[in-house]
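# Structure at a glance
Chain residues, written in single-letter form:
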Amino acid sequence: MKNIDIVVPVISARYDELTPVQQKLVDDARSATARSYAPYSHFNVGAAILLSDGSIVTGANQENAAFPSGTCAERTACYYAGANHPDARFEKIAIAARGTDGEEVEQPIPPCGACRQALLEYEKLAGHDVEVLLAGRDAIYILPSVSSLLPLSFSSF
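All of the points below concern the structure found in this document. (Residues numbered from 1 in each chain as written. Predicted model: local features only at pLDDT ≥ 70, side-chain atom pairs only at ≥ 80, totals over all residues. Heavy atoms only, no water.)

In total, this model carries 3 aromatic pairs according to the counting rule given. Ring geometry for Y79 versus Y122: centroids 6.5 Å apart, planes at 55°, classification tilted. Note that Y79 is positioned in helix α2 (residues 73-84) and Y122 in helix α3 (residues 113-126), a separation of 43 residues in sequence. On the basis of an interplanar angle of 5° and a centroid distance of 4.7 Å, the ring pair of F90 and Y122 is categorised as stacked. With F90 in strand β4 (residues 90-98) and Y122 in helix α3, this pair connects stretches of sequence that are 32 residues apart. On the basis of relative accessibility, which here comes to 3%, the residue F90 falls in the buried class. The class of Y122 is buried, set by a relative accessible area of 18%. (Phe/Tyr/Trp six-rings, centres within 6.5 Å; stacked < 30°, edge-to-face > 60°. Helix = DSSP H or I, 4+ residues; strand = E, 2+ residues; numbered from the N terminus. Buried < 20%, exposed > 50% of the residue type's maximum accessible area, 1.4 Å probe, protein only.)

What follows is the structure in C-alpha cells.
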C-alpha cells in the first residue's frame, strides 16, 4: 500500500493582475449574479464561458421549490453554450457569487460536483485544458483546467 498525493495548482491573483480577457470574464460572471433566481438560498452565482469563436456565454443559478429541478450557473451557461454554439469549444470559464447578504463572497467558491463533471465533459470535447477563474472579493483563483477541479474524474465508460 502507498499514499498518492494529489496536488492541484492554484494561482491566487488580484483583479488588476488578470489579463484583459480574464477581467472581462470575471466582470461578466459577476454581472450574471444579478440574473440569478435564488428565492430559497439567496445565494446568487454567475458564470461566464469564453468560447473558441470569441463569444462569451453567461449563466446564473435558477432555483425551484422542487429543489432538484433548479440548476447551477455553471450548467446553465455550459448547456446554453453547447446548444447554441455547437461548433465552438470552451476556452475559459469564470465563476462568481454573492452571498446571502447580497455582497460578493470574500473568497472564491468552486463549482459543485455535478457542475465539475458537466464542465469536464466540455473540456474533453475541447481537446485542451479550459482555464477556470474563481472570483471572490479578496482573491481570484486561477486553475489551469477543469480537470484540476476534479482530479479523480469519471470521464469514460
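Let us keep going from here.
This part covers α3. Here α3 spans 20 Å end to end across 14 residues, near enough to the 20 Å set by a 1.5 Å rise per residue. Of the positions making up α3, those classed as buried are C115, R116, A118, L119, L120, Y122, E123 and A126. The inward-facing, buried residues of α3 abut α2 and β4. After α3 finishes, the residue G127 shows a positive phi value of roughly 80°. (Expected span 1.5 Å × (residues − 1). Contact = heavy atoms within 4.5 Å.)

On to the state of the cysteines, then. Counting across every chain of the model gives 0 disulfides. For the unlinked cysteine C78, the closest cysteine sulfur is that of C115, found at 8.0 Å. (Disulfide = S-S within 2.5 Å.)

Moving on, we get to the side chain of N44. Counting through the fold element by element, N44 comes out in strand β2 (residues 44-51). Polar side-chain contacts of N44 include one of 3.0 Å to the side chain of S36. When near neighbours in sequence (up to four residues on either side) are disregarded, N44 contacts T33, S36, A38, N61, A96, A97 and R98. (Polar contact = N/O pair within 3.5 Å; in protein donor to acceptor, adjacent residues only side chain to side chain.)

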